[in-house]
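Examining the three-dimensional arrangement
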Amino acid sequence: MRETGGQSAIRLTGINKSFGAVQANRDIDLNVERGTIHGIIGENGAGKSTLMSILYGFYQADSGEIAIGGEPIVIDTPNQAIAAGIGMVHQHFMLVNNFTVLENIILGAEGAALLSGGIANARAELERLEKEYGLDVDPDALIEELPVGLQQRVEILKALYRGADILILDEPTGVLTPAEADHLFRILKQLKEQGKTVVLITHKLREIMAVTDNVSVMRQGTIVATRKTAETTVEELAELMVGRRVLLRVDKQAASPGDVKLKVEGLTVKDSRGVTMVDDVSLEVRAGEIVGIAGVAGNGQSQLVEAVSGIRNAEKGTVLLGGQPIRVTGGADPAKLRRRGMAHVPEDRHHMGLVLSFEENENSILGYHHDDAYNTGLFQNIDAIRDDARAKMEKYDIRPVDCRLKTANFSGGNQQKIVLAREMEQDPSVLIVAQPTRGVDVGAIEFIHRRIIEMRDAGKAVLLVSVELDEIRSLSDRILVMFAGKVVGERGPDATEGELGLLMAGVEKEVA
Amino acid sequence: MEFFSLIFGLNVFDSMLRVSAPLLLACLAGLYSERSGVFDIGLEGKMLAGAFAGASMAYVSGSAWIGLLAAIAASVFLALVHGFASITHRGNQIVSGVAINFIAAGSAVILGQAWFRQGGRTPSLSAEGSRFTAIELPGAAAMADIPVIGPIYSGLISGHSILVYFAFLMVPVTWWVLFRTRFGLRLRAVGENPAAVDTAGISVTWLRYRAVICCGVLCGFAGAYLAVSQNAGFVKDMTAGRGFIALAALIFAKWRPVNAMFACLLFGYLDAVAIVLQGKAIPGIGQVPVQVFQALPYVLTVILLAGFIGKAIPPKAGGMPYVKER
Amino acid sequence: MATPYAKLPAWVDYGLIPLINLAVAFVVAGLVVLLVGESPVKAATLLIKGAFGSGDGIGYTLFYATNFIFTGLAVALAFHCGLFNIGGEGQAYFAGLGVAVPCLALDGILPWYLIFLVAIGGSALLGALWALIPAYLQAKRGSHIVITTIMFNFIAASVMVYLLVGMLKPAGSMAPQTRTFLEGAHLPKLDWLLELFGASIRSTPLNLSFLLALFMAVVVWALIWRTKLGYEIRTMGFSPPAARYAGINQAKIIIITMMISGALAGMMALNPVMGDQHRLQLDFVAGAGFVGIAVALMGRSHPAGIIPAAILFGMLYQGGAEIAFEMPNISRDMIVIIQGLVILFAGALEHMFRPTVQTIFASIRPKSVELGTQGSEG
């Protein structure tokens, strides 16, 4: 790492952290200069949030050292972090919704056993902070009645009230409108001018370029590069983020698309918080082609898939399956869609695609358990179900070959193959596949990719959603890029990584 | 007219206060626990344990006050068992509460039989000072003749056990603790969003333990009131579902202290009026079976829970053990 | 994050740890016995002798067990759907009407086996109805089913008292109960079954509903593990998101599960009302609905575990009565303590000994503990 003239605010050396078998952080070295805004960028799951939680004392690192302002320090609890002048704005706000702004701000820093003194202090201090940083917010408003932008401001005020010199913001713009985000950046610059140090964690390149002085790129638990923002480019960061992995080439013929099997028009979907996640999206998938949706995680792909597959109700829009409309805005029913030939490999196999406590054979019929093949009269045909499961295990090389084994005891790749086998062997006309190789070992990746191509060649319409750019590029016949809930571009399979990376970062208009 | 003087008579309100007091204590007890995110359907068991321990020690020592301390100790012990299961070991709070109810119900009878050999009862508290008796408030006799205020003061407000006054005093105290102290702020916060409390550098575990201890103390008072004040000793199953009515009142009160008082007074009033109406007809309706009044608190609570008359929204983190998320 | 508990071999998970929990519950119960100045060993001996030492003892043990099989199955089925039906007591109480009314109406008219069929239907129907409102409120309005079923227990108690001191009481009688059914509405005793095994019987209340309970255990097993409905119930219980993904109608499953659960609890009424007392009397359920919770937890919600658990509690009830003769300091209420301790240690504290067992296993056979961590990555 390059040393510059500035004083070090945070220095991390050799940080390691594992959760069970997953190493979330690996040998992290990081230096953040005092009075700068330091960006940490990486895809979801790259280990950014874990690293910051370690810095905030929410988790303890397995090994490694932390120094704040040049002083080595042990941070085992948030209290120690707060005492060391670290404040954190979490991705999910740590606010009590039915409390007022003031109550939230003093929580944990009340000053005395009675509240009256603390409240009065906080009120005065809040006024000062408001003047100094332009952080305007009604101290007596209830949190649940504030828009998210203001709630976030309360989080920042909370940190400043505790005397934070270092402010960590974890994906702060995820819930903000562009205007709110711009306002936040102005606040951050103001904080910097007042001598505070800001660490900004994000997966959005635009934000890094707009506001940071330095940037570190994280990938798969490690920091792969640190740059001065002024000396780097969006293209370079995009490449660093996604990584130049060995491209898994999949042999495939040119596609010969047939009729439109899946047609989505003007689909708008909100998430449970009421934020619009899919914004007027239209697309179509023909028989015998793979349409890939690329995009950085969190740009609406998940909600798009859930709405199309009937799991989540959409706000508006239409979806045609084989030319026939399906219900998407109310009373969506995944079971009915399955019967009409739509198969869906969900992105989250642990919670949605599989019941981990079930035996393997029980999961091999999930969603298809009404099929006549699996039932005789009132009862399930256990022999048929198990024979069927064994056949699938053999065909998809699922190991260990024991259909009575609890599903949780299979490895990630084998679990994913259980889902794939179930969905593909139903001979669907439309196959929706989300993140097919997340958490899957290399051997299984190749197998899964080959199976997806085979589905295409058998004339299925395949909609593939992945945050792995390589996967999208090597499988898709057409590539759509989603950014902020919209499809921002369509490219052919020969599109370059850089080209797609820019679209994914939502910077097309500014650069191209 | 005669009917109205019957159901709005001073004696009805007087017995309403007596019946409400233990409900109120248990209800406020539940409020501390549930506001901190620990559901407690073991109020019944803690009251019962308190009643038994209170009556036993009051008899042995001859002092109602020692009885009260014993009641609190027994109830707090069970509260700690609940905390151990549901906070430390993240067990199911409902299951734990059910277990405590049974352990208390069985132990009281078994120990009572072993110690006193009166079929699970404790001996009657006849000794001077072994029971909390009615207190004549200053000037009650003198004021009795003043119209309107006199009868209310001397006939209704005066002449209750000290624990009744304590119960009603606990309403403003609880309100004050909850909304005016650091402990109360944190308690309310941990029931809504324990992660916010954790990231603010406060121990969720210790905070919740303190809440269940508060719950135990107040349940102890409730039990002591039943066995050492309202009655002169413990009898089997003497709480008779009051812990569950208190739970219903807590829901009815939407987990707020002043509402809790009104809910308990309402349920107490239903109880009192059921007694005076027994065998009498309500004009225009006819005779209403006493069971209607007995079931009414539960029916009202179900209707409230169904969201037909305002929504009872429990503390958001209630019932869930706190696990740090990645 | 990795699952909070590493995997252990199945026999440890389903055998050893539940046994440890159970053993601890009984050790603590033994301490209580010690505390009241009796010998736990002698108490246990008396208990077993009282429950199994004579034909009559066995008959009574199985009679009580019958109640607990029904209520245990009711609680267990709801558990499989992720629901806590604490209302078995009220459902059974209310369902007593479904037994008593056909018996009172038909006891001079139809033979016992036809009345039995009507009473089975009646008790199941009324038990299901009593569970319907809490189920509906949970499914459609999100009202916590634990609280609503508790409330319905008390409402049932009020309704039944009202009916038993009112319209169901024969004219001129003082006792809050119905008239005694005629001979034609009594369930056949099963004394012959015990005599088959060489026991000599004077008189026990064991009756045909014991066989019905065993049959229902098989039915519940088949329902949970061999039907589409059971499959959907289990999917729902393990993972609501997976149920949504699979297109399972969640509200429907909650309502159906609770109604079947209520029906099972309701059928418990057959045993005391039609099989033993031959009339509907106050508080005939006598806590069996709550014992069902302990039985279901102890039996790990599996019929094959519920039957022995129910027999164990039947033994405690019968043997407890015997102990009370010999040991003045111990009454039947000892069972209530044991019941509470079983619920505490096998339910709320079921994971307490897990880390210890895990550590022991890790030191003996490191590999067996390792196995489960794969496949649980994020």
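Residues numbered from 1 in each chain as written. Chains lettered and ligands numbered in written order. Predicted model: local features only at pLDDT ≥ 70, side-chain atom pairs only at ≥ 80, totals over all residues.

**What about the overall build of chain B?**
Broken down by element type, chain B carries 14 helices and 4 strands. Relative to the 2.2 N^0.38 estimate, which gives 20 Å for 326 residues, the radius of gyration of chain B is 20 Å and therefore close to what a compact globule would have. Buried residues in chain B amount to 56% of all 326 residues. Of the contacts made within chain B by residues no fewer than 6 positions apart, 76% connect residues no fewer than 24 positions apart. (Helix = DSSP H or I, 4+ residues; strand = E, 2+ residues; numbered from the N terminus. Rg over C-alpha atoms; globule rule 2.2 N^0.38 Å. Buried ≥ 20, exposed ≤ 12 C-beta atoms within 10 Å, placed from the backbone. Contact = placed C-beta atoms within 7 Å.)

**Structural notes on the overall build of chain A**
Counting its regular elements, chain A contains 18 helices and 22 strands. In terms of C-alpha radius of gyration, chain A reaches 25 Å, essentially the compact-globule figure of 24 Å for 512 residues. Seen along its three principal axes, the alpha-carbon backbone of chain A occupies a region of about 70 × 50 × 45 Å. Residues classed as buried in chain A amount to 50% of the 512 residues present. Partitioning the intrachain contacts of chain A with sequence separation of at least 6 by distance along the chain shows that 68% fall at a separation of at least 24.

**Some words on the sheet that holds strand β2 (residues 22-33) of chain A**
All names here are of chain A. Overall, antiparallel pairing links the 4 strands, which are arranged β2-β1-β4-β5 in an open sheet. With partners counted over all chains shown, the strands left at the sheet margins are β2 and β5 (71-73), one partner each. Between one strand axis and the next, the sheet turns by 25° as a mean value, whatever way the strands run. Where strand β1 (residues 8-19) and β2 come together, 8 bridges link them in antiparallel fashion. When the bridges of β2 are listed, phenylalanine 19 appears paired with valine 22. The strands that helix α1 (residues 48-55) touches are β1, β2 and β4 (63-68); relative to β1, the one it contacts most, it runs at about 115°. (Pairing = 2+ DSSP bridges. Axes fitted to C-alpha atoms, helices over the stretch in contact; angles between N-to-C directions.)

**Details of the interface of chain A and chain C**
Between chain A and chain C, the residue contacts involve 33 residues of the former and 24 residues of the latter. At the level of secondary structure, the elements contributing two or more residues to the side of chain A that touches chain C comprise α10 (334-339), α11 (349-353), β18 (379-380) and α14 (412-424) of chain A. Looking at the side of chain A that touches chain C residue by residue, the class counts come to 17 nonpolar, 14 polar and 2 charged. (Nonpolar A, V, L, I, M, F, W, Y, C, P; charged D, E, K, R; others polar.)

**Digging into helix α17 (residues 497-504) of chain A**
In an α-helix, one turn spans 3.6 residues, which is why side chains three or four residues apart end up on the same side. Within α17(A) the residues assigned to the buried category are Leu500(A), Gly501(A), Leu502(A), Leu503(A) and Met504(A). Directly after α17(A), the chain includes Gly506(A), whose backbone phi takes a positive value near 70°.

**Side note on the nonpolar core**
Leu25(B) and Ala249(B) are the most contacted members of the largest nonpolar core, which has 406 residues in total. Once residues within four sequence positions are removed from consideration, Leu25(B) is found in contact with Ala167(B), Met170(B), Leu218(B), Phe221(B), Ala222(B) and Tyr225(B). (Core = buried A, V, L, I, M, F, W, Y, C linked by C-beta atoms within 7 Å.)

**Notes on the packing of helix α2 (residues 10-35) of chain B against helix α13 (residues 257-277) of chain B**
Residues and elements named next belong to chain B. Where α2 meets α13, the closest approach of the two axes is 7 Å, and the angle between their N-to-C directions is 140°. As the angle between them shows, α2 and α13 are arranged oblique. Like other packed secondary-structure pairs, α2 and α13 cross with a definite hand, here right-handed. Counting all contacts with α2, which are made through Val12, Ser15, Met16, Val19, Ser20, Leu23, Leu24, Cys27, Leu28 and Leu31, the residues of α13 involved are Pro257, Ala260, Met261, Cys264, Leu265, Phe267, Gly268, Tyr269, Asp271, Ala272, Val273 and Val276. Taken together, the residues of the contact of α2 with α13 break down into 18 nonpolar, 3 polar and 1 charged. (Parallel < 35°, antiparallel > 145°, perpendicular 65-115°, else oblique. Left-handed = near helix turned anticlockwise from the far one by under 90°.)

**Let's talk about the pairing of strand β12 (residues 276-286) of chain A**
Residue and element names in this part refer to chain A. Pairing of strand β11 (residues 260-270) with β12 involves 7 bridges; the strand directions are antiparallel. Opposite lysine 270, over in β12, you have threonine 276 as the bridge partner. In this antiparallel pair of consecutive strands, β11 and β12, the connection spans 5 residues, and glycine 274 shows a positive phi of 90°.

**Observations concerning the interface of chain B and chain C**
The interface of chain B with chain C comprises 39 residues on the first partner and 37 residues on the second. Mapped by element, the contributors of at least two residues to the side of chain B that touches chain C are α4 (64-88), α5 (93-116), α12 (242-252) and α14 (290-305) of chain B. Here the side of chain B that touches chain C takes 16 residues from α5(B), the largest share from any one element. Looking at the side of chain B that touches chain C, its residues break down into 24 nonpolar, 14 polar and 1 charged.

**A look at the sheet that holds β12(A)**
Residue and element names in this part refer to chain A. In space, the 4 strands of this open sheet follow the order β12-β11-β14-β15, with antiparallel pairing throughout. This sheet does not close on itself; its edge strands, each paired only once, are β12 and β15 (324-326). Taken pair by pair, the neighbouring strands of this sheet meet at an average axis angle of 25°, ignoring direction. Each of β11, β12 and β14 (316-321) is contacted by helix α9 (residues 301-308), which is oriented at about 120° to β11, the strand it contacts most.

**Thoughts on helix α8 (residues 209-226) of chain C**
Residue and element names in this part refer to chain C. Between its first and last C-alpha, α8 extends 24 Å over 18 residues, near the 26 Å set by a 1.5 Å rise per residue. Of the residues making up α8, those classed as buried are Ser209, Phe210, Leu212, Ala213, Met216, Ala217, Val220, Leu223 and Ile224. The arc enclosing the buried residues of α8, seen along the axis, measures out at 150°, which places them on a common side. Exposed side of α8, more than 90 degrees from the buried face: Phe215 and Val218 are the residues found there. Against the buried residues of α8 lie α3 (55-80), α9 (228-238), α11 (250-267), α12 (270-277) and α14 (303-326). (Expected span 1.5 Å × (residues − 1). Arc of directions from axis to C-beta.)

**Topic: the packing of helix α3 (residues 43-61) of chain B against α4(B)**
Residue and element names in this part refer to chain B. Remark: α3 packs on α4, axes separated minimally by 7 Å, with the N-to-C direction vectors making an angle of 150°. In the packing of α3 onto α4, the handedness of the crossing is right-handed. Across from Gly45, Lys46, Ala49, Gly50, Ala51, Ala53, Gly54, Ala55, Ser56, Met57, Ala58 and Ser61 in α3, the residues of α4 making contact are Ala64, Ile66, Gly67, Leu68, Ala70, Ala71, Ile72, Ala73, Ala74, Ser75, Leu78 and Ala79.

**Looking at the environment of Asn98(A)**
Within the fold, Asn98(A) resides in the loop between β6 (86-89) and α3 (101-106). Residue Asn98(A) is classed as partly exposed on the basis of its C-beta count, with 17 C-beta atoms lying within 10 Å. Not counting residues up to four positions away in its chain, the partners in contact with Asn98(A) are Leu142(A), Glu144(A) and Glu192(B).

**Topic: the environment of Leu321(A)**
All names here are of chain A. Note that leucine 321 resides in strand β14. A residue is classified by how many C-beta atoms lie within 10 Å of it, and leucine 321, with 21 of them, is buried. Separated by 169 residues in the primary sequence, leucine 321 and glutamine 152 place their C-alpha atoms 41 Å from one another. With near-sequence residues (within four places) excluded, leucine 321 lies in contact with Leu262, Ile326, Leu337, Arg340, Met342 and Val430.

**Some points on the environment of Arg438(A)**
All names here are of chain A. Looking at the element boundaries, arginine 438 is found in the loop between β19 (430-434) and α15 (442-457). Looking at arginine 438, the number of C-beta atoms within 10 Å reads 19, which means it is partly exposed. Each C-alpha atom, one on arginine 438 and one on glutamate 236, is 24 Å from the other, the two residues being 202 residues apart in sequence.

**Details of the confidence of the model for chain B**
Confidence in the prediction for chain B averages 91 pLDDT; 98% of positions are at 70 or higher. Both scores are available for the predicted complex, with the pTM at 0.88 and the ipTM at 0.91. (pLDDT = per-residue confidence, 0-100.)

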